[in-house]
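# Structure assessment
Residues per chain, in single letters:
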Amino acid sequence: MAMLKRIERLAGAWVDSIVENEPHTGAAQGSSRSRHFWWIAAVLIVLGLLASSARAAVTALDVFYSQYYYQFSGTPPTFPYSYYYAARLTTDPGDVASATLTLPDGTTVLPMPSIGPGSFLYQQPFFDDTSLLASFPAGDYVCNASGGTLGPVQVTVNRKPQPYWPDSVPAYTAATITAMQNANAAFDLGLEFNAWVAPAPADFGVNFVIIYDALTGSVVYSAGFNAADTAHAIPAGTLTRGRSYNAFLYFSGRSQIFDGTLNRLVAYDYATYASLFTVACVGDLNRDSFVDDADFSIFAPAYDTLLCDEPTMPFGCPADLNRDGSVDDADFSIFAAAYNDLICP
Ligand SMILES: [Ca+2]
Ligand SMILES: [Ca+2]
């Protein structure tokens, strides 16, 4: 549950980053150094209008319908393990003290507890998508916020009648699942996955990769990118050797309205996660903290086999030290350096 809350927060952060890319012309005008009286007066009028506009500080109302999957092998997942509804209000910190969400029936009012400065979230798990969609049906979702420096403020986001789940569930390729068993933190880790399309009436689709430290739950990497992309590289040095991670891949179908100050989003997300492990000591194939002849006797037959997807290659293709899908001279040169060092760092 805690992890899912973090996921939703992060997904919302990406929406924020999209919003922040829009121009903020009011601030540019306010920084003018002109001493001309009328120019200053005009700026003051503009600033006054901005200050009196309550909605200027409410930056987003985001609604997420989500299905979560776990992939434990090269076979794509088919059954979700959980479903979630989430609604999130984002304001400038201190502008709002509390918030509620009124459902399309006009009478059901749900609390949106504060989850951080300027961030309010309602979230509810479900056992299937039918009850998820029925409990939060099409229509207007009205967020009423109060307190803080803004006073009462109301924001509405509309869920269209037709849901727009992605047309495919995110799935890493079998080669990527293999590479995730023994990743080398010193090299880029290439993730490959399936293509998908956001069906109408979605406005667009977007992909996210979010990697959590399995022990601490903290986010160690996150990136949003084009939905048409079927590969994404985790840069070398992002991960730490000898650790376990959970790597989430999101396909998000989105309908979004941005009116210059306020972003309103309704997203239908599929998210698949897989376990990701980094080797503690590159080249130490028998994990005894030394890289020596015993490891070479494991490396040599893998070098002869060459391709990681050969059935005779050990699971996870541990001898593929640079994680490119084959055990060749590039891996041998990495192995040779570790063999020379002998003792694991
Ligand atoms: Ca060893
Ligand atoms: Ca290799």
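Above this note sits the structure.
Residues numbered from 1 in each chain as written. Chains lettered and ligands numbered in written order. Predicted model: local features only at pLDDT ≥ 70, side-chain atom pairs only at ≥ 80, totals over all residues. Heavy atoms only, no water.

As a further point, take the state of the cysteines. All told, the structure shown has two disulfides when counted by the stated rule. Here Cys 281 pairs with Cys 344 through a disulfide, and the sulfurs are 2.0 Å apart. Because the sign of the S-S torsion sets the handedness, a value of about -85° for the bond joining Cys 281 and Cys 344 places this disulfide among the left-handed ones. Of this pair, Cys 281 sits in the loop between β14 (263-277) and α6 (293-305) while Cys 344 is found in the segment after α7 (329-341), placing the two residues 63 residues apart along the sequence. In this structure Cys 281 comes out as buried when scored by relative accessible area, which is 12%. (Disulfide = S-S within 2.5 Å. Helix = DSSP H or I, 4+ residues; strand = E, 2+ residues; numbered from the N terminus. Buried < 20%, exposed > 50% of the residue type's maximum accessible area, 1.4 Å probe, protein only.)

A separate point is α6. Side chains that are three or four residues apart share a direction in an α-helix, a result of its 3.6 residues per turn. Under the 1.5 Å per step criterion, the end-to-end length of α6 is 19 Å for 13 residues, consistent within 8% with the ideal 18 Å. If you check which residues of α6 are buried, you get Asp 295, Phe 299 and Ala 302. N-cap assignment for α6: the residue whose side-chain oxygen lies 3.1 Å from the backbone N of Ala 294 is Asp 292. Downstream of α6 by a residue or two, Leu 306 has a phi angle that is positive, lying close to 75°. (Expected span 1.5 Å × (residues − 1). Polar contact = N/O pair within 3.5 Å; in protein donor to acceptor, adjacent residues only side chain to side chain.)

Looking now at α7. The terminal C-alpha atoms of α7 lie 18 Å apart, and with 13 residues this matches the ideal 18 Å at 1.5 Å per residue to within 8%. In this structure, the buried side of α7 is in contact with α6. Between the side-chain oxygen of the N-cap and the backbone nitrogen of Ala 330 there are 3.2 Å, and the N-cap of α7 in question is Asp 328. Just downstream of α7 lies Leu 342, where phi reads positive at about 65°. (Contact = heavy atoms within 4.5 Å.)

Attention shifts here to the sheet that holds β14. What the eight strands build is an open sheet, ordered β5-β6-β2-β1-β14-β13-β10-β11; its pairing is mixed. Only two strands of the sheet have a single partner each, and these edge strands are β5 (114-116) and β11 (219-226). Across this sheet, the average inter-strand angle for adjacent strands is 25°, counted without regard to direction. As paired strands, strand β1 (residues 58-70) and β14 are joined by 11 bridges and run parallel to one another. Considered in β14, the bridge of Val 63 is made with Val 266. (Pairing = 2+ DSSP bridges. Axes fitted to C-alpha atoms, helices over the stretch in contact; angles between N-to-C directions.)

What follows concerns the coordination of the calcium ion (ligand 1). For a metal bound by four donors in a tetrahedral arrangement, the ideal donor-metal-donor angle is 109.5 degrees, while six donors in an octahedral arrangement ideally sit at 90 or 180 degrees. For the calcium ion (ligand 1), the protein coordination sphere consists of Asp 284 (OD), Asn 286 (OD1), Asp 288 (OD), Phe 290 (O), Asp 295 (OD) and Asp 295 (OD), at 2.2 to 2.5 Å. Each of the six donor atoms bound to the calcium ion (ligand 1) contributes to angles spanning 53 to 169°, and the resulting shape is irregular. With a relative accessible area of 31%, Asn 286 lands in the partly exposed category. The class for Asp 295 is buried, based on a relative accessible area of 0%. (Donors = N, O, S within 2.8 Å, 3.2 Å for Na, K, Ca; no water. Tetrahedral: all angles 85-135°; square planar, octahedral: opposite > 155°, others 65-115°.)

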